[in-house]
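Letter by letter, the chains look like this.
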Amino acid sequence: MPIIQFPHEMKWGAATAAYQIEGAAHEDGRGQSIWDTFSHTPGHVKNGDNGDVACDSYHRYEEDIEMMKDLGIEMYRFSVSWPRIFPDGTGEINEEGLQFYHRFVDALLAQGIEPMCTLYHWDLPQALQDKGGWASRETTDAFADYAELMFQEFNGKIKHWITINEPWCVSFLSNFIGVHAPGNQDLQLATTISHHLLLAHGKAVTRFRELESTGEIGYAPNLEWNEPFSDKQEDIDACNRGMGWFIEWFFDPVFKGSYPEFMLNWFEKKGVSLTLEEGDLKLISQPIDFIGINYYTGSVGRYKENEELFDLEKIDIGYNKTDIGWNVYPEGFYKVLCKVKDQYGDIPIYITENGACYNDGVEYGEVHDQRRIEYLKQHLTSLSRSMEAGVNIKGYLTWSLLDNFEWAEGYEKRFGLVHVNFRTLERTKKDSYYWYKQTIANGWLEMK
Ligand code: FCB
């Protein structure tokens, strides 16, 4: 039976985010975030779910960390809830919030698990949204101040920092498509926000370097693969625009110090423009230490006039789909990683999210999520292929440790290696948990 071997130095891990797991929405001085507002507004989240309690990890983190230890992960990616630290977004610091993260990070370190900290995983303080949110450049300064405080507080304890998680989702999904908080549908607004997010990232990197913090910093865009249906130029161009929205738009400014011409032209055709201030691109393009890549899905696409934003029609070729409806497309994972290397060089990469939604439930104390195991195997195979092709992979962190609050989908959609009963909050390890544990212990993948 063939075996796929991973390098000993590659870090294995799992990821979560604050609003999706913590709960304790009104405790210890936490301020309100845009996700509290959004989820409590009827019609936004399935079944009227919200993150008030979520997995209750705020109170149960010790139990969760014990599981991580048992699982054998070397790195855990979590996010900090900005409104726990600055309830109003800026100004007064909430000590209790800081103390919570100190207790949590200390507990991780005590178990020998390296924390990877995301500073912004979507829960913007509502107080900042009230002043314009990410549409306002002032929010980028507020973010840099919050980041600076975190760098100072956790210097030496946290060695891996991610500024912004999935800037595409924060801008376009939340402010153009409108299915995530704050739920706007305005392409110009979303495009402006995409720039401000990169600016916020750049300003945070500046503070990190000025403080001479120990450790590494990067950001974590989400990527998709679009495979041209044919080798007709119009199909290739349409797919490139589709991917350009996720890749070049968010990579070129950081790695090349400019926005991609072909995307600027396209946005212009849609009546959208970018307003840059002097020095923005210099801030945005400062060197970073690694990039985090989140990958879930891909598809075959072709040119079709007036189809979606980019004249790109995605074609259903009969993919297997996860229970959230996303295509299983492991080939795209390999291709997207190779594309990043070809275009942006040998930057170290952490896979900061990759995983699948399958809603298998508990039967006699067990969860048989064989489909998740297959998904992970296929994607780890693609990862290994990319490493053979020279992609500089430093770690693989699966999404997610626990079933959790899946944003607009509420609690129905389950991505965890560990099942959570959202009534009793009981945790049950799934078959995929035991499989991942064995894979980590082996350092190789068995393809039987
Ligand atoms: C990503 C998000 C993460 C989770 C997964 C399924 O887009 O970063 O929080 O919801 O999707």
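Each remark here, short or long, concerns the structure printed above.
A brief structural summary. (Residues numbered from 1 in each chain as written. Predicted model: local features only at pLDDT ≥ 70, side-chain atom pairs only at ≥ 80, totals over all residues. Heavy atoms only, no water.)

### Description of the overall build of the protein chain
Stage number 1. When you go through the protein chain residue by residue, the secondary structure sums to 16 helices and 14 strands.
Stage number 2. The C-alpha extent of the protein chain, read off along each of the three principal axes, is 60 × 55 × 45 Å.
Stage number 3. For the protein chain, the proportion of its 448 residues judged to be buried stands at 59%.
Stage number 4. Contacts in the protein chain between residues at least 24 apart in sequence constitute 77% of all its contacts with a sequence separation of at least 6.
Stage number 5. Approximately 17000 Å² of the protein chain is accessible, and the part contributed by carbon and sulfur atoms is 47%.
Stage number 6. Each charge sign in the protein chain was given a centre, from 41 positive and 70 negative side chains, and these centres are 4 Å apart. (Helix = DSSP H or I, 4+ residues; strand = E, 2+ residues; numbered from the N terminus. Buried < 20%, exposed > 50% of the residue type's maximum accessible area, 1.4 Å probe, protein only. Contact = heavy atoms within 4.5 Å. Areas by Shrake-Rupley, 256 points an atom, 1.4 Å probe, with all protein chains shown as cover. Lys, Arg positive; Asp, Glu negative; His and termini not counted. Charge placed at Lys NZ, Arg CZ, Asp CG, Glu CD.)

### A closer look at the site of the ligand
Stage number 1. Contacts to the ligand come from Gln20, His121, Trp122, Asn165, Glu166, Tyr296, Glu353, Trp399, Glu406, Trp407 and Phe415.
Stage number 2. Contacts to the ligand include asparagine 165, whose side-chain N or O atom sits 3.0 Å from an oxygen atom.
Stage number 3. Taking glutamate 406, its side chain carries an N or O atom lying 2.7 Å from an oxygen atom of the ligand.
Stage number 4. Relative to its unbound accessible surface of 300 Å², the ligand loses 95% to contact with the protein.
Stage number 5. The site holding the ligand turns out to be the largest pocket. (Near = heavy atom within 4 Å. Polar contact = N/O pair within 3.5 Å; in protein donor to acceptor, adjacent residues only side chain to side chain. 1 Å grid on protein atoms, 1.4 Å probe; cavity = no way out; pocket = protein on both sides within 12 Å on 5 of 7 lines; lining within 4 Å. Sits in = over half its atoms within 2 Å of the grid points.)

### Some words on the nonpolar core
Stage number 1. The biggest cluster of nonpolar side chains holds 141 residues, and the ones touching the most others in it are Trp134 and Leu383.
Stage number 2. Sequence-distant contacts of tryptophan 134, defined by excluding residues within four places in its chain, comprise Trp82, Tyr120, Leu124, Thr139, Thr140, Phe143, Ile164, Val170, Ile193, His196, Leu197 and Ala200. (Core = buried A, V, L, I, M, F, W, Y, C linked by side-chain atoms within 4.5 Å.)

### Re the layout of surface pockets
Stage number 1. Here the largest pocket defines a volume of roughly 1200 Å³.
Stage number 2. Contributing to the lining of the largest pocket are 45 residues, with Trp168, Leu173, Glu224, Thr297 and Trp326 lying nearest its centre.
Stage number 3. Of all elements in the fold, only helix H8 (167–177), strand S7 (222–228), helix H10 (233–246), strand S8 (290–303) and strand S9 (312–315) reach the threshold of two or more residues within the lining of the largest pocket.
Stage number 4. Of the residues in the lining of the largest pocket, the class split is 23 nonpolar, 13 polar and nine charged. (Points joined across faces, edges and corners; volume = space filled by probe spheres on them. Nonpolar A, V, L, I, M, F, W, Y, C, P; charged D, E, K, R; others polar.)

### Some details on the packing of helix H14 (residues 330–344) against helix H15 (residues 370–388)
Stage number 1. Where H14 meets H15, the closest approach of the two axes is 8 Å, and the angle between their N-to-C directions is 25°. Overall, the two elements H14 and H15 adopt an arrangement that is roughly parallel. The two elements H14 and H15 meet at a crossing, and its hand is right-handed. In this structure, H14 uses Pro330, Glu331, Phe333, Tyr334 and Leu337 to contact H15, whose residues at the interface are Gln378, His379, Ser382, Leu383, Arg385 and Ser386.
Stage number 2. Here the residues of the contact of H14 with H15 sort into five nonpolar, four polar and two charged. (Axes fitted to C-alpha atoms, helices over the stretch in contact; angles between N-to-C directions. Parallel < 35°, antiparallel > 145°, perpendicular 65-115°, else oblique. Left-handed = near helix turned anticlockwise from the far one by under 90°.)

### So, H10
Stage number 1. For H10, which comprises 14 residues, the first-to-last C-alpha distance of 20 Å matches the rise-based estimate of 20 Å (1.5 Å per residue) to within 8%.
Stage number 2. For H10, the full list of buried residues reads Asp235, Ala238, Cys239, Arg241, Gly242, Met243, Gly244, Trp245 and Phe246.
Stage number 3. Elements that come into contact with the buried residues of H10 comprise H8, S7, helix H11 (248–255), helix H12 (261–269), S8 and S9. (Expected span 1.5 Å × (residues − 1).)

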